[in-house]
Each structure stands twice: as C-alpha cells, then as structure tokens.
Amino acid sequence: MADRFPKDFLWGASSSAFQIEGGWDEGGKGMTVADHNSFKRSHKQADSKVASDFYNHWKEDIALMKELGMKIYRFSLSWARIIPDGDGEVNQQGIAFYNDVINCLLEHGIQPFVTLYHFDLPYALVEKYNGWEDRRCVYAFERYAKICFGQYGDRVKYWQVINEQNLMIRVDERMNINEADPLKADRIRAQMDYHMFLAHALASKACHELVKDGKVGPAVSSTCTYPLTNKPEDVWAARMNDCMKTVYCLDMHYYGRYPGYYMRYLNERGIVPVMMEGDEEILKHGRMDYIALNYYRTLCASYLPADGSHPVGMRVYRGNEVDFDQYGYCRDEKNENLAASEYGAQIDPMGLRIVLNDYYSRYHVPLIITENGLGMGDELTADNQVHDPYRIDYIKGHLKACSLAIQDGVDLMGYSPWSFMDLLSSHQGFKKRYGFVYVNREDMDLKDLARIKKDSFYWYQNVIRTNGEEL
Ligand code: BG6
C-alpha cells in the first residue's frame, strides 16, 4: 500500500528525563518528586540515580537515533536541572547540558520535540508549599517555561507543556498527596489539577509570544473505554469513564473551561477549586495548537450503581474495581476480545484508530502520537542480540491503525513510540523494557550499560526509511 503516510511525517521515538538521564545530583541538579518516589523503591529495583545513564552517554545515544533514522526525538527537560529548587537561581550547567543535547540532535538532522514537565516536579517546591496545591507553583512553572523558551526556542519549535496531567493527577504519589481522608484528598487534587491547567495556559501563551513559529500542546494519556454490553447504562458508564479521565482535560485546554458534567462533579462533591478573577482570561488564551497523545491500551467497563459501600472520589480504585463515582460507579472489566500483554495491558490497535478519529473530530487540531509501545522482559542472548518479535507486531498493528486513521481524514503529523531505549519503568524498574535499544543493566546490577540494538530497531529503521510503506 503506497503513500500510507505523508511525505513529511514525523517519525520518532520518545523518553523522559528522570527515566533515562541518571546523573540525578550531578551538574547542579536538584532532587525531584520522581527521584524521591524512585528512591523509596531503591532496595528492590532500579531508581533514577543512574537510570539509562543518558547523562553520560548522550552522544552515543544520539548517534544511534540518527542510525535509526529518527526525524524527531521526543524527550523532556528536567525542571530541577534547570532551576534546582524550582523557583530560585538558574543552573547554568543544566542549561548547557540541554543546549549540547539540542545542538547535537540538530547536527544529526533530528528535530527536538520537547516536554517541559514529565512527572518530575522539583522536590523543593513540595517542601516549600506542597507543589501544585499552591498557586505559587503556577508562577514558578510559568517562569521556568519562559526560561526554556528563551534559551532553546530559537531551535526547538515543538513543545509539550505537561506529560499526562490527566493521569498524573490520579496518582497520589506523583502529586505528593498524603491525605488519608478521601474527600480532603480530592479537594487537594481538584485544586492541583486546576493550577496545572492555569500553568498550561500561561506556558502556552508564553510559547506563542517567545518562540517564533512555536507550536505548543498537551501530552495526554489516551484510551477508549468499551461498554461490556449494549445496555445503555454500560454505554454511558464507558463514555463517562473517558470523559472524566481525558476529555474534560482536552476541553479545558481547548475551550478554557470545564465541561458541564465535570463542573457538576466538582459541585456535587463540594470540591470546586479556588479560582481567581482574571483566570478565565488566562485559560482562554492558552489554546493548544496540537494534541500529543500517549496510547497503550483500551479499557472495558460496566455500570455499577452506587450503594454506599464503594469509596467515592475520582481516583483510580483498581483494587476495588471502582473508577469514579459520577453518574453511578463504573467497574473495570476484562475485554474477552483482546489479548493482554504480560503486564495486563489490553492490546488494541483498532482502539487507536477510534481515539484518533474521536479527538480529531472533536478539536480539529493536528495530532501526534508521543507514546505507544509494549513493555516486556526482553532477553539478551549469549551472542548479544535481543529478539523482540512481539514488539514489532505491536508497533506494526498500531502503525496500520495510524495509516487507516490518516485515510479517514485525521491530520496525524507523526508517530513517536515509547521508547527510544530501555528506561526506568516506575513500578518494574528495568524488568519491563520498551526500547528499540537494549540497555545492558539489571535492576540491582549496573553491568556495562552497553547499548545493543534489538531486532525491532532494524525493523523500525526500515519502516522509517520506506516512510511506512514496508511495515
Ligand atoms: C506513560 C508515561 O504513562 O506510560 C511514561 O508517560 C511511562 O513515563 C509509560 O513510562 C509506561 O508506563 P510503565 O509504568 O509501564 O513504565
């Protein structure tokens, strides 16, 4: 099938700072929430201290990116490497590090595709005022964003403000929510979420003002939820699961206001965040230019009427099988029609076609996939090879879905799977690997950190070379 993908399609691969860099306290970098959380698990798995050691291997890694044929590299800057305490002095060594990386990428013909904040809030801001709970964090972020646009905006044209705000907000550990009372916790959560929306809008506005031809957008965690049956209640439960987890967030980025069902949720739960005069204006001017979406799996749900025995709140209650309490409860179900990965992700290329069509018809802005991939326990053979046909199958299926979505009329500008190389997975360390490049280390043994190209590397290299004609 010729011309599956446009000529200027942005082929890439992705990563994030705390998951690859290492050098966690080198070059003046401050501690982050991601470091803090990973150190809690240091006794049983890899942490962010060394991770994939990109901090010391970046030249070699970028050479491999070129060999792979990447047109873009999606990665994040570490706020605490640039401003160690979040809102104080700028660390020139941090600025220089990312200048070197960006220049090297450009010299190799790779466009930097940069995220400002990927789960790694400077820990000093948590100590000062519990991070996003306090409005000062919004202004600290705006300042950080402006510094980045000023330093790198002459060369970096594509920016994502926050990675997966819509997922991060549900994970207490990532937000540093330590409140036992669910209602109080949800009040804090709603305020933090709102502050991040403000931060997103201010940063987007600043990008438009400071970066010539700059494009800015969110990176959302995307999925679609199927109803278990065609009972209207199940259909509604499935739809609301997507609305409460993702669509409300995209609506906020696009229209600058919460949709009605979300406002109703906040009102009924009594957790409407504190909003200040002038905020409406800020939110309205932060419009996204494109949507970056991270897609791994789909979900399935059935309606579960509230009966008082279920915990309330919008957190993910995996253990209790209860997801949110608005318009009735919703139960996570297994989809018998889909195979699951060894880590339980329901693999579903068709779901990606649905999501791409859905987002494009809602907002009519260009889309790009910034994460998609399969985490597995890859084996290194005695002759230093990694055979990962399962990863090739996964990506091939999802690329076919992308090509169909493009034929459906979706403006999909690129595909940047997770991940360029093996990196730190929050709960499985280096046991679960996503990369095209194997990093030779184990959780508790750093070995030689050698970079080894997997079978999927050569396969993806050919996909890029043929612009997707040979999948
Ligand atoms: C995404 C995150 O949600 O999922 C990444 O943006 C993360 O940071 C990826 O690594 C895969 O999740 P996990 O838990 O398998 O590493």
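Quick notes on the rules
Residues numbered from 1 in each chain as written. Predicted model: local features only at pLDDT ≥ 70, side-chain atom pairs only at ≥ 80, totals over all residues. Heavy atoms only, no water. UniProt positions renumbered as here; feature names shortened; annotations may be inferred. Helix = DSSP H or I, 4+ residues; strand = E, 2+ residues; numbered from the N terminus. Buried < 20%, exposed > 50% of the residue type's maximum accessible area, 1.4 Å probe, protein only. Contact = heavy atoms within 4.5 Å. Polar contact = N/O pair within 3.5 Å; in protein donor to acceptor, adjacent residues only side chain to side chain. Pairing = 2+ DSSP bridges. Axes fitted to C-alpha atoms, helices over the stretch in contact; angles between N-to-C directions. Near = heavy atom within 4 Å. Areas by Shrake-Rupley, 256 points an atom, 1.4 Å probe, with all protein chains shown as cover. Nonpolar A, V, L, I, M, F, W, Y, C, P; charged D, E, K, R; others polar. Expected span 1.5 Å × (residues − 1). Core = buried A, V, L, I, M, F, W, Y, C linked by side-chain atoms within 4.5 Å. Parallel < 35°, antiparallel > 145°, perpendicular 65-115°, else oblique. pLDDT = per-residue confidence, 0-100. Disulfide = S-S within 2.5 Å.

As recorded in an unreviewed UniProt entry, the protein chain goes by the name 6-phospho-beta-glucosidase, listed as coming from [Clostridium] citroniae WAL-19142. The record held by UniProt for the protein chain lists under Sequence similarities (unreviewed entry) the comment "Belongs to the glycosyl hydrolase 1 family."

Engineer: A description of unusual backbone geometry should follow, citing residues and the corresponding values.
Structural biologist: Between Trp418 and Ser419 the backbone carries a cis peptide bond, its omega angle lying at 10 degrees. Turning to its location among the elements, Ser419 is positioned in the loop between strand 11 (412–415) and strand 12 (437–439). Phi angles above zero are rare outside glycine, and His364 is one such case at about 50 degrees. Within the secondary structure, His364 is located in the loop between helix 14 (349–363) and strand 10 (367–371). At Asn467, a position not held by glycine, the phi torsion is positive, near 50 degrees. Along the chain, Asn467 turns up in the segment after helix 16 (455–465).

Engineer: Outline the UniProt feature "active site" (unreviewed entry) in the protein chain, supporting the account with residue identities and numerical values.
Structural biologist: Within this numbering scheme, the UniProt entry marks Glu371 as carrying the feature "active site" (unreviewed entry). Secondary-structure assignment places Glu371 in strand 10. The class for Glu371 is buried, based on a relative accessible area of 5%. Dropping the residues within four chain positions of it, Glu371 is found in contact with Arg74, His118, Asn163, Glu164, Leu293, Asn294, Tyr295, Tyr296, Ser416 and Trp418. A polar contact is formed between the side chain of Glu371 and the side chain of Arg74, at a distance of 2.9 Å.

Engineer: Can you tell me about the sheet that holds strand 7 (residues 291–295), naming the residues and giving the values?
Structural biologist: The strand order 1-2-3-4-5-7-10-11 describes a closed barrel built from eight strands, whose pairing is parallel. Going across the sheet, the axis of each strand differs from the next one's by a mean of 30 degrees, ignoring polarity. Where helix 15 (residues 389–407) meets the sheet, its contacts fall on strand 1 (10–14), strand 7, strand 10 and strand 11, and the angle it forms with strand 11 comes to roughly 170 degrees.

Engineer: Give a detailed account of the pairing of strand 5 (residues 215–222), specifying residues and quantitative values.
Structural biologist: On a regular strand, each side chain points to the face opposite its neighbour's, so the side chains alternate between the two faces of the sheet. The buried fraction of strand 5 is high, at seven of eight residues. Bridging between strand 4 (residues 158–163) and strand 5 involves four bridges; their strand directions are parallel. Bridging from a neighbouring strand, Asn163 pairs with Ala219 of strand 5. Relative to strand 7, strand 5 runs parallel, the two sharing four bridges. Bridge pairing in strand 7 links Ser222 to Tyr295.

Engineer: Tell me what's going on with the site of the ligand, and back it up with residues and numbers.
Structural biologist: Residues in contact with the ligand, as listed here, are Gln19, His118, Phe119, Asn163, Glu164, Tyr296, Glu371, Trp418, Ser425, Ser426, Lys432 and Tyr434. In this structure, Ser425 approaches the ligand through a side-chain N or O atom, which is 2.9 Å from an oxygen atom. One of the side-chain nitrogen or oxygen atoms of Tyr434 is found 2.5 Å away from an oxygen atom of the ligand. Burial of the ligand by the protein amounts to 86% of the accessible area it has alone, namely 380 Å². Counted by class, the shell around the ligand contains four nonpolar, five polar and three charged residues.

Engineer: Quick rundown of helix 5 (residues 92–107)? Include the residues and the values.
Structural biologist: In this model helix 5 runs 22 Å from its N-terminal to its C-terminal C-alpha over 16 residues, within 8% of the 22 Å that 1.5 Å per residue would give. Among the residues making up helix 5, those that are buried are Gly94, Ile95, Phe97, Tyr98, Asn99, Val101, Ile102, Cys104 and Leu105. Looking at the packing, one finds that the buried side of helix 5 touches helix 1 (17–20), helix 3 (54–68), strand 2 (72–76), helix 4 (79–82), strand 3 (111–117) and helix 7 (136–152). Looking one or two places after helix 5, you find Gly109, whose phi comes out positive at around 75 degrees.

Engineer: Could you give an account of the nonpolar core, naming the residues involved and the relevant values?
Structural biologist: Within the largest apolar cluster, 138 residues are counted, with the highest numbers of intra-cluster contacts made by Leu77, Trp132, Phe141, Trp159 and Leu293. Grouped together as the second largest cluster of nonpolar side chains are nine residues, Ile72, Tyr158, Tyr290 and Ala292 included.

Engineer: Which residues make up the environment of Arg433, and what are the values?
Structural biologist: Tracing the backbone through its elements, the reader meets Arg433 in the loop between strand 11 and strand 12. Each C-alpha atom, one on Arg433 and one on Asp378, is 6.6 Å from the other, the two residues being 55 residues apart in sequence. Contacts of Arg433, omitting those with residues within four sequence positions, involve Leu374, Gly375, Met376, Asp378, Arg391, Asp422, Tyr438, Val439, Arg441, Glu442 and Lys454. In this structure the side chain of Arg433 is engaged in a polar contact, spanning 2.9 Å, whose partner is the backbone oxygen of Val439.

Engineer: Go over the packing of helix 3 against helix 16 with me, naming the residues and quoting the values.
Structural biologist: Angle between the axes and distance between the axes are the two parameters that describe a pair of packed helices. One can describe the packing of helix 3 onto helix 16 by two numbers: an axis separation of 8 Å at closest approach and a directional angle of 55 degrees. With respect to their mutual orientation, helix 3 and helix 16 come out oblique. Across from Leu64, Glu67 and Leu68 in helix 3, the residues of helix 16 making contact are Phe457, Tyr460, Gln461 and Ile464. Classifying every residue of the contact of helix 3 with helix 16 gives five nonpolar, one polar and one charged.

Engineer: Could you give an account of the confidence of the model for the protein chain, naming the residues involved and the relevant values?
Structural biologist: In this model, the protein chain carries an average pLDDT of 93, and 94% of its residues clear a pLDDT of 70 or more. Contacts for the low-pLDDT stretch residues 313–321, under 50 throughout, to residues beyond four places or in other chains number 32 contacts.

Engineer: Could you give an account of the environment of Arg264, with specific residues and numbers?
Structural biologist: With respect to the helices, strands and loops of the structure, Arg264 is situated in helix 12 (residues 260–269). Taking the C-alpha atoms as reference, Arg264 lies 21 Å from Pro232; in sequence the two are 32 residues apart. In terms of polar contacts, Arg264 uses its side chain to reach the side chain of Glu268, at 2.7 Å.

Engineer: Break down the state of the cysteines for me, with residues and values.
Structural biologist: One pass over the structure, following the stated rule, counts zero disulfides. No disulfide involves Cys249; its sulfur sits 12 Å from the nearest other cysteine sulfur, which is in Cys243. By relative accessible area, Cys249 is classed as buried at 1%.

Engineer: A description of the pairing of strand 3 should follow, citing residues and the corresponding values.
Structural biologist: Most of strand 3 sits inside the fold, with six of its seven residues counted as buried. Examined bridge by bridge, strand 2 and strand 3 share five bridges and lie parallel to one another. Bridge pairing in strand 3 links Ser76 to Thr115.

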